[in-house]
Amino acid sequence: MRAAVMHEPNRPLVIEEVDVESPKAGEVVVELAASGVCRSDLHAWHGRTAFITPPVVLGHEGAGIVAEVGPGVTGVAKGDPVVIALYGPCGQCGECRTGDVTRCWSETRVHNMHGRMPDGTTRLSLGGRPLTPMVGAGTLAEIAVVREAQLVKIDRGIPLGLACLAGCGVTTGVGAVLNVAQVRVGSSVVVIGCGGVGLNVVQGARIAGATRILACDTQSEKLDLAADLGATDGLLVREGEDLAEAIRGLVPGGVDYAFEVIGRPEVVRTAFASTRIGGTTVMVGSPAPGSEIAVDGRMLFSDRRLLGTTGGGNIPARDIPRLMQLYRTGRLELERLVSQRLPLARVNEAFTALERGEGARTVIDLRS
Ligand SMILES: [Zn+2]
Ligand SMILES: [Zn+2]
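Definitions and limits used
- Residues numbered from 1 in each chain as written.
- Chains lettered and ligands numbered in written order.
- Predicted model: local features only at pLDDT ≥ 70, side-chain atom pairs only at ≥ 80, totals over all residues.
- Heavy atoms only, no water.
- Patch = residues over 30% accessible without salt bridge, like charges linked within 9 Å, V, L, I, M, F, W, Y side chains within 5 Å.
- Areas by Shrake-Rupley, 256 points an atom, 1.4 Å probe, with all protein chains shown as cover.
- Salt bridge = Lys/Arg side-chain N within 4 Å of Asp/Glu carboxyl O.
- Helix = DSSP H or I, 4+ residues; strand = E, 2+ residues; numbered from the N terminus.
- Buried < 20%, exposed > 50% of the residue type's maximum accessible area, 1.4 Å probe, protein only.
- Pairing = 2+ DSSP bridges.
- Donors = N, O, S within 2.8 Å, 3.2 Å for Na, K, Ca; no water.
- 1 Å grid on protein atoms, 1.4 Å probe; cavity = no way out; pocket = protein on both sides within 12 Å on 5 of 7 lines; lining within 4 Å.
- Points joined across faces, edges and corners; volume = space filled by probe spheres on them.
- Nonpolar A, V, L, I, M, F, W, Y, C, P; charged D, E, K, R; others polar.
- Domains from an automatic or database assignment.
- Tetrahedral: all angles 85-135°; square planar, octahedral: opposite > 155°, others 65-115°.

Undergrad: Before we go on, may I ask you to explain a nonpolar patch on the surface in this structure?
TA: Nonpolar side chains collect at one region of the surface, where Ile-293, Leu-300 and Leu-306 lie side by side and expose about 220 Å² of accessible area between them. Its location among the elements puts Leu-306 in strand S17 (residues 305–308). On the accessibility criterion, Leu-306 (35% relative accessible area) is partly exposed.

Spelled out as structure tokens, the structure:
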């Protein structure tokens, strides 16, 4: 099968012919139909992700059809449409058993982060050398071998070229609103950074019933897209301007909820400074390791909350089917999130677009 392999950071991915082993107990072979390209793929490509060691198959936002199951697999069968979740939890630790699968930090999960099965091996190889799939997914490929625990079966009839977005970007953005902040009906929300995840924070806020949704970005096209997805106000961010003051100008006293979706400490500070007394700030973006975030202590003292999240507090088995239902009933927009579709052979163009901040999401069509 063909896969987009990163041999070293910052060098173009190479489409390679990769060998795939048969699934072992609890493992499933998925014929991938589509994969989104996410900012975390770009971070990995830049060599910024500690647990990713080349050679690696990038991609972690994929959907496809089950092609084969290993011994003991009971939850999915050949022919089932599935989304590959961002996490491969162990299913046995205290966190997993209480549902907090994103907080699983068992040996199985650590292996999964490194693209290995629980026994430390991988089912992929290139010229006889082991090849790991990013976070156990490796969706920029025609085939993925994943543990059953990392798969979520979805209803037939949902286009896989859209369902793939539920693997990371949509679940993270909507989950940050519904699971982490728990935005209330009638509240005011600001979203700083309207890329692939930020646009889903906007959608999540609309789904939650927020009545004022301020979208902030440096690009007016993204604000237009945010408006289509539910933003009531757009703020074009310009260098040197006090964004918190601009937000407070629109919502006197500050907003109920602020979401930082970039991963920069100074933007978290701005988000926090734009909230009202009792307001909640959620850092959805992923900051560089070691970065420190300074906020006004007096403001924090005034009943404000500053929260972090990895992946929007999702429980994939619960949240991905919910998102698919929201899509089916017309409340979750997926098509508008896709700015371009490319064949695997042109995968490097998706990374260039991300780097330039162009468009929302590139989806790689893995059947072409
Ligand atoms: Zn992602
Ligand atoms: Zn666990």
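Having seen the model, we can carry on.
Undergrad: Help me understand the pattern of salt bridges, please; the structure alone is not making it clear to me.
TA: A side chain with one charge may pair with a side chain of the opposite charge, provided their charged atoms come close. On inspection of all chains with the given rule, the structure shows 16 salt bridges. The salt bridge involving Glu-349 is made with Arg-346; its shortest N-O contact spans 2.8 Å. Among the residues examined, Arg-346 registers a relative accessible area of 40% and is labelled partly exposed. Connected via shared salt-bridge partners are Glu-27, Asp-119 and Arg-123.

Undergrad: I tried to follow the pairing of strand S10 (residues 143–147) on my own but got confused; where do I start?
TA: Most of S10 sits inside the fold, with 4 of its 5 residues counted as buried. Summarising the sheet, strand S4 (residues 27–37) and S10 pair through 5 bridges and their orientation is antiparallel. Counted as the bridge partner of Glu-27 is Arg-147 from S10.

Undergrad: Teacher, can you tell me more about the coordination of the zinc ion (ligand 1) here?
TA: Six octahedrally arranged donors around a metal ideally form angles of 90 or 180 degrees; four tetrahedrally arranged donors ideally form angles of 109.5 degrees. Only Cys-38 (SG), His-60 (NE2) and Cys-168 (SG) from the protein reach the zinc ion (ligand 1) as donors, at distances of 2.0 to 2.2 Å. For Cys-38, a relative accessible area of 4% corresponds to the buried category. Assessed through its relative accessible area of 1%, His-60 is described here as buried.

Undergrad: Would you explain the layout of surface pockets in this entry?
TA: Over the atoms, a rolling probe the size of a water molecule traces out where space has been left empty. Empty space within the second largest pocket amounts to approximately 280 Å³. Residue lining of the second largest pocket: Asp-100, Thr-102, Arg-103, Asn-179, Val-180, Leu-307, Gly-308, Thr-309, Thr-310, Gly-313, Ile-315 and Arg-318, and that is the complete set. Where the lining of the second largest pocket is concerned, the elements lending two or more residues are helix H5 (169–181) and S17. By residue class, the composition of the lining of the second largest pocket is 3 nonpolar, 6 polar and 3 charged. Residue-level mapping places the lining of the second largest pocket at the junction of two domains, with at least three residues from each of domain 1 (2–167 + 334–365) and domain 2 (173–310).

Undergrad: How should the coordination of the zinc ion (ligand 2) be read in this particular structure?
TA: Within the first shell, the zinc ion (ligand 2) binds the protein through Cys-90 (SG), Cys-93 (SG), Cys-96 (SG) and Cys-104 (SG), at distances of 2.3 Å. Seen from the zinc ion (ligand 2), its 4 donor atoms lie at angles of 106 to 113 degrees, and the figure they make is tetrahedral. On the accessibility criterion, Cys-104 (0% relative accessible area) is buried.

Undergrad: What am I meant to see in the sheet that holds strand S3 (residues 19–20) here?
TA: Hydrogen bonds between backbone atoms are what pair the strands of a sheet, whose relative direction is either parallel or antiparallel. As summarised here, the arrangement of the 6 strands in space is S2-S1-S5-S9-S8-S3, forming an open sheet in which the pairing is mixed. Looking at which strands have only one partner, the edges of the open sheet turn out to be strand S2 (14–17) and S3. Two strands pair when backbone bridges link them, and strand S8 (residues 124–126) and strand S9 (residues 129–133) are joined in this way by 3 bridges, in the antiparallel orientation. Its bridge partner lying in S9, Ser-125 is registered against Pro-130.

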